[in-house]
Amino acid sequence: MADRGDDALIARRVMELVLRHQRKGQRTGGCARTPCPDCRDAHLTRVTRYVEAGEPVRFVLPAFPGKSPNTAKVLGTLPDMAERLALGFLAGLTARIRAVYAPGAEVLICSDGRVFSDAVGIPDAHITGYQREMQRLIDALPEPSGIGLFNLEDVPEFAGLGHDRMRELLAERYAEPLDSLRERVRAGEEVALYRAMTRFLFEDADTPGRAGSRAALQRDARNRAYTVMQRSKAWGDLLAERFPGAVRLSIHPQPCGAEKLGIHLVDTPDNWLTPWHSVALDTGGGRYVLVKRSEAEERGAEPVLVDGRPSHYAQPAPVTAARPVGAAAPAPAASAA
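Overview of the structure. Every value quoted in this text rests on a predicted model; they were computed, and no experiment measured them.

1. Observations regarding the pattern of salt bridges
- Counted under the stated rule, the structure contains 31 salt bridges.
- Residue Glu-133 is joined to Arg-309 by a salt bridge in which the shortest nitrogen-to-oxygen separation is 3.3 Å. One end of the pair, Glu-133, is in helix α5 (residues 124-139); the other, Arg-309, is in strand β9 (residues 309-314), with 176 residues separating them in the sequence.
- A relative accessible area of 29% means that Arg-309 is categorised as partly exposed.
- Salt-bridge contacts for Glu-295 lead to Arg-299; the nearest nitrogen and oxygen are separated by 2.8 Å.
- For Glu-295, a relative accessible area of 29% translates into the label partly exposed.
- Residue classification places Arg-299 among the partly exposed residues on the basis of a relative accessible area of 38%.
- Overlapping salt bridges bring together Arg-114, Asp-118, Asp-124, Glu-153, Asp-164, Arg-167 and Arg-231 as one network.

2. Regarding the side chain of Ser-145
- Relative to the assigned elements, Ser-145 resides in the loop between α5 and β3 (147-150).
- A polar side-chain atom of Ser-145 sits 3.2 Å from the main-chain amide nitrogen of Ile-147.
- Not counting residues within four places of it along the chain, the set of residues in contact with Ser-145 comprises Ala-91 and Thr-94.

The rules behind the values
Residues numbered from 1 in each chain as written. Predicted model: local features only at pLDDT ≥ 70, side-chain atom pairs only at ≥ 80, totals over all residues. Heavy atoms only, no water. Salt bridge = Lys/Arg side-chain N within 4 Å of Asp/Glu carboxyl O. Helix = DSSP H or I, 4+ residues; strand = E, 2+ residues; numbered from the N terminus. Buried < 20%, exposed > 50% of the residue type's maximum accessible area, 1.4 Å probe, protein only. Polar contact = N/O pair within 3.5 Å; in protein donor to acceptor, adjacent residues only side chain to side chain. Contact = heavy atoms within 4.5 Å.

Here it is in structure tokens:
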């Protein structure tokens, strides 16, 4: 049996595998090294407990809520290549962990779309369809993938309730009062998250068919950002209660040494961009990057169908001018004297 020293070494290796994909915050200072020892040590005790018990390391990831309602950003309402790539990354990560720690790891995706769908403008029917397709994609991953899916409907005391009542009950039991949240943001807490959330909500609502001025849209986005943050934190507190030993991952950048660890799922030039606010762009050579749909189209990329449904975009190959049949090849350039 491995001794405690071996357990500590294995736990550090597991954390360093995760930290290779860290989505860091934009604040100055901290995270000066990669992997960052402060970020590693903030979660090391939890990982070590799993290793000492010989159990799979459990990670909880609140993410994959549902596709943005703005078709300038996404291809449709269902998961596509962007989600496939993210799930493939997570399955690959659990496989790499399994290579250094035989029991491996589990990543429980805690889909938060139902939590705030009314505040982000996504119909509940679209959330249901998105979750069903996510489960299908997870089931299709090679075993053992270590990937699971958990939704608000999977909380026993919420089962069978209407969607609005689920959200009300979540807020009643776990949510911080909105006035308190507003005061904290005004005092300088979680400002980066508030601004990012406002930007996402504004972009999602800024569609060609929108009503009202952009100024009114911005005010509405600011108000809704507080509701999304409130419910997201309530969901996080519920998950912490239900999965108390799990390591908490986040798709948002996190400050150095935070209790949540930000993680990239797919390459993206934007530190806040996610698969459900973008499309996958095949840039050639099997490399994908996340961009907004409008950007992919501006680049001249073409949509690709998979199973008869739009899946992603592909960057066209550079065009080489063809020489007319029978024409002589161009003469080589003269060398310099």
